[in-house]
Each structure stands twice: as C-alpha cells, then as structure tokens.
Amino acid sequence: MRRMSALRKYIDIGANLTDDMYKGEYNGSRKHDPDLDVVLERAWTSGINKIIVTGGSLEDSKKAIELSRTDSKLFTTVGCHPTRCSEFLSNPDDYLQGLRDLISGNKDKVVAIGECGLDYERFHFCEKEVQLKFFEKQLPLSLEYNLPLFLHCRAAADDLIEIISRNRDKIIGGVVHSFDGSEQDLQKILELGLSIGINGCSLRSKENIEVASKMPRDKLMIETDCPWCEIKPTHPGYCHVNTKFETVKKTKYSLQRNAQVKGRNEPVNIVNVLEVLAAVRGDDADELAAAIYENTNKMFFPDRL
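Residues numbered from 1 in each chain as written. Predicted model: local features only at pLDDT ≥ 70, side-chain atom pairs only at ≥ 80, totals over all residues. Heavy atoms only, no water.

**Here's the deal with the UniProt feature "binding site: a divalent metal cation 1" (unreviewed entry) in the chain**
Reasoning step 1: According to UniProt, the feature "binding site: a divalent metal cation 1" (unreviewed entry) maps to Glu 115 and Asp 225 in the numbering used here. The largest pairwise C-alpha distance within this set of annotated residues, which runs over 111 residues, is 11.4 Å, so the set is compact in three dimensions. Among the residues just listed, Glu 115 and Asp 225 line the largest pocket.
Reasoning step 2: Secondary-structure assignment places Glu 115 in strand S6 (residues 110-119).
Reasoning step 3: Not counting residues within four places of it along the chain, the set of residues in contact with Glu 115 comprises Thr 54, Gly 55, Thr 77, Gly 79, Cys 80, His 81, Pro 82, Phe 150, His 152 and His 177.
Reasoning step 4: Mapped onto the fold, Asp 225 is located in the loop between strand S10 (220-222) and strand S11 (247-248). (UniProt positions renumbered as here; feature names shortened; annotations may be inferred. 1 Å grid on protein atoms, 1.4 Å probe; cavity = no way out; pocket = protein on both sides within 12 Å on 5 of 7 lines; lining within 4 Å. Helix = DSSP H or I, 4+ residues; strand = E, 2+ residues; numbered from the N terminus. Contact = heavy atoms within 4.5 Å.)

Encoded structure:
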C-alpha cells in the first residue's frame, strides 16, 4: 500500500455500515467473521475523522443509530430510500412519526434526512407513484428538524428537481449523493442550492468524469457508498488511483491480515475517490481535500466547526 498524505482529512458522507457484508455474510452465506471494527480502524488511521452511516428505512435507521452510538466519530441519516417506500403503505402516518421519533430522540447523532429521493431504475422494488408520494412526504422533516437532505437520484433527475423546486420552503439544503447525471442535471441541481456527492459510481464513465470536472469546488463532497461503488480497474479514472490496497477473496479473508475483501468497498477507499476527482479536475489533491472537508462540515456539522 502506498502511504497516504498525512495532511488530508476526510468525511465519508455515505457509508452503509449496517450491511450484512460487514458481518461476513454475503447473500445469506457466512464467508468470514464479522470485521466492522477492523474496517473502522482502517478508516480512522487513514485520515477519516467522521463517517455518516446511511439510514435507508425506519428499521435501517434504527440500526444505524445504534451503530453510531458505539463511536463518537460515527453519525447517521434517518429516512426512507425510494426503493423501500412501499413500507409506508400499511400506515403512512405511523411510519412518518417513527422517523420523527428517531430524529427527535437522537439529535446528537442524526445529521441529515434520508436517504430519500427517486429511483427509476428499480421499479420492481417500489412503483413510481409510491416513490413520488413518500419522497415528498419526507421533505418537511428537513425544515422541521433543521437538517439537510441526503438525496438519492437514479434516472429521475427531472422529477426530483421539480419536487424539490416546489418544496424549497420546506428544506434547508442538502446533497444529491452518488451523482451520475448529465451536465444539464448538474446545473439544475446547483440552481436549487444543493451540493453533489461523488463516489466510484459517479466516475465510472468518460461522461461522468467530464461532468465531475466542471463541478464547483464549493459544492463538492465525497463518499464511498460502501460496501458498493468502488472504483474498479475497468473505470476510466482508475489510472489516477495512486493508493492501492491489498485485497483477497472473501473465502480467504481473515481479520489478522491487513487486507480488504475483494469486491467489497469500505470507507478507507475514499482516498481513491479524492485522487481520481483531483486528477480529472486538474486540482491539487491536498487543497481539494481541504475544501471538500470544509464543505461537508458546514452542511452536516455546523455546530462542531
């Protein structure tokens, strides 16, 4: 592994640390011992000093809060992912109140409303009209609790932008995470005052890289969206990855070996996102890291600056 810059500080704004992969389980099959402690130790020693654990449903948000209470550097979002919005249907008022209860009871740990938004690539999980209805239902939580939005958008930029535009008086800002839209989408999102979250999936095509090179520095944040969205050798920006980590197959992985599980992303890999983003923008990596760190603190941790 190449030594990382000691000057850089990172905040991973999107990490799915409650996923079963960190328990050593893949598609219901145990492949190795739980290793989240090891994963977090790698993160803390790499320069990451805060991680926002993603809450994707009422139940996931509860788990994320429980996890965040195990470490002072862990925080969380609370909300319902678009592909999970059918969970609202049996009792919408109770579900929404459940989200409110989690937020109000954990104000020291909850830093955003979400993950919420629209996903038009996976209607098999939740149909469009249900997504639209319950995305909009969550938006007033932003102003109610003075928290930014952590937004999901897949092939749905026009509708997401239209809904946010109609509800601007109910939100205090936010970030569209894992952004992979067009330059036109970017401009419309920026006009709403929103920021942009970049991870490996945001840099997986030449078109993605072209758009990323044009993003205003003061609107940029970075994330891993682990255990997914790693930067792969097939991605056009991989040539700019300078910090390489040893990986092993999940069946050969052990907690004693300082290596990552092959194909499973983790927070320490945020350095790779920074390296690619800096290279394609022609930015100094240390200066870009400092700017992104400041942007992130201003949005999610204004009282901790």
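**Structural notes on the sheet that holds S6**
Reasoning step 1: Pairing is parallel in the open sheet, where eight strands are placed in the order S1-S4-S5-S6-S7-S8-S9-S10. On the outer flanks of this sheet lie strand S1 (10-15) and S10, each paired with one strand and no other. Sheet twist, expressed as the average angle between the axes of neighbouring strands with direction ignored, equals 30 degrees. (Pairing = 2+ DSSP bridges. Axes fitted to C-alpha atoms, helices over the stretch in contact; angles between N-to-C directions.)

**Focus: the environment of Asp 225**
Reasoning step 1: The class of Asp 225 is buried, set by a relative accessible area of 10%.
Reasoning step 2: Counting along the chain gives 64 residues from Asp 225 to Ile 161, while the straight-line C-alpha distance between them is 22 Å.
Reasoning step 3: For Asp 225, the contacting residues outside a window of four places in its chain are Asp 12, Gly 14, Asn 16, His 177, Ser 178 and Asn 199.
Reasoning step 4: Only 3.0 Å separates the side chain of Asp 225 from the side chain of Asn 16, close enough to count as a polar contact. (Buried < 20%, exposed > 50% of the residue type's maximum accessible area, 1.4 Å probe, protein only. Polar contact = N/O pair within 3.5 Å; in protein donor to acceptor, adjacent residues only side chain to side chain.)

**Considerations on the pairing of S6**
Reasoning step 1: Most of S6 is tucked away: 10 of the 10 residues are buried.
Reasoning step 2: Sheet topology note: the S6/strand S7 (residues 149-154) ladder contains six bridges and is parallel. Residue pairing for S7: Gly 114 is matched across the bridge by Phe 150.

**A word on the UniProt feature "binding site: a divalent metal cation 2" (unreviewed entry) in the chain**
Reasoning step 1: As recorded in UniProt, the feature "binding site: a divalent metal cation 2" (unreviewed entry) lies at His 152 and His 177. A stretch of 26 residues holds the annotated residues, and the largest C-alpha distance among them is 6.0 Å, short enough that they meet in one place. Of the annotated positions named here, the largest pocket is lined by His 152 and His 177.
Reasoning step 2: On the secondary structure map, His 152 appears in strand S7.
Reasoning step 3: Excluding its chain neighbours within four sequence positions, the residues that come into contact with His 152 are His 81, Pro 82, Glu 115, Cys 116, Gly 117, Leu 118, Asp 119, Arg 122, Leu 160 and His 177.
Reasoning step 4: A polar contact is formed between the side chain of His 152 and the side chain of His 81, at a distance of 3.3 Å.
Reasoning step 5: Take His 177: it is sitting in the loop between strand S8 (174-176) and helix H7 (183-191).
Reasoning step 6: Of the residues examined, His 177 reaches a relative accessible area of 2% and is grouped as buried.
Reasoning step 7: Leaving out residues up to four positions away in the same chain, His 177 has contacts with Glu 115, Phe 150, Leu 151, His 152, Gly 197, Glu 223 and Asp 225.

**Some thoughts on the packing of helix H4 (residues 128-138) against helix H6 (residues 157-166)**
The description of two packed helices rests on the angle between their axes and on the distance between the axes.
Reasoning step 1: Where H4 contacts H6, the two axes come as close as 11 Å, and the packing angle between them is 30 degrees. One finds that H4 runs roughly parallel with respect to H6. The interaxial crossing formed by H4 with H6 has right-handed handedness. From H4, Lys 128, Leu 132, Phe 135 and Glu 136 reach across to H6, where they touch Asp 159, Leu 160, Ile 163, Ile 164 and Arg 166. (Parallel < 35°, antiparallel > 145°, perpendicular 65-115°, else oblique. Left-handed = near helix turned anticlockwise from the far one by under 90°.)

**So, the environment of Lys 188**
Reasoning step 1: Following the sequence through the fold, Lys 188 ends up in helix H7.
Reasoning step 2: With a relative accessible area of 31%, Lys 188 lands in the partly exposed category.

**Some thoughts on the nonpolar core**
Reasoning step 1: With 83 residues, the main nonpolar core has Leu 17 and Ile 164 as its most contacted residues.
Reasoning step 2: The element that contributes the greatest number of residues to this core is helix H9 (residues 270-281), accounting for eight residues.
Reasoning step 3: Apart from residues no more than four positions distant in its own chain, Ile 164 is found in contact with Phe 135, Leu 139, Leu 149, Leu 151, Ile 171, Leu 192 and Leu 194.
Reasoning step 4: Listed in part, the 13 residues of the second largest apolar core include Ile 13, Val 111, Ala 112 and Phe 300. (Core = buried A, V, L, I, M, F, W, Y, C linked by side-chain atoms within 4.5 Å.)

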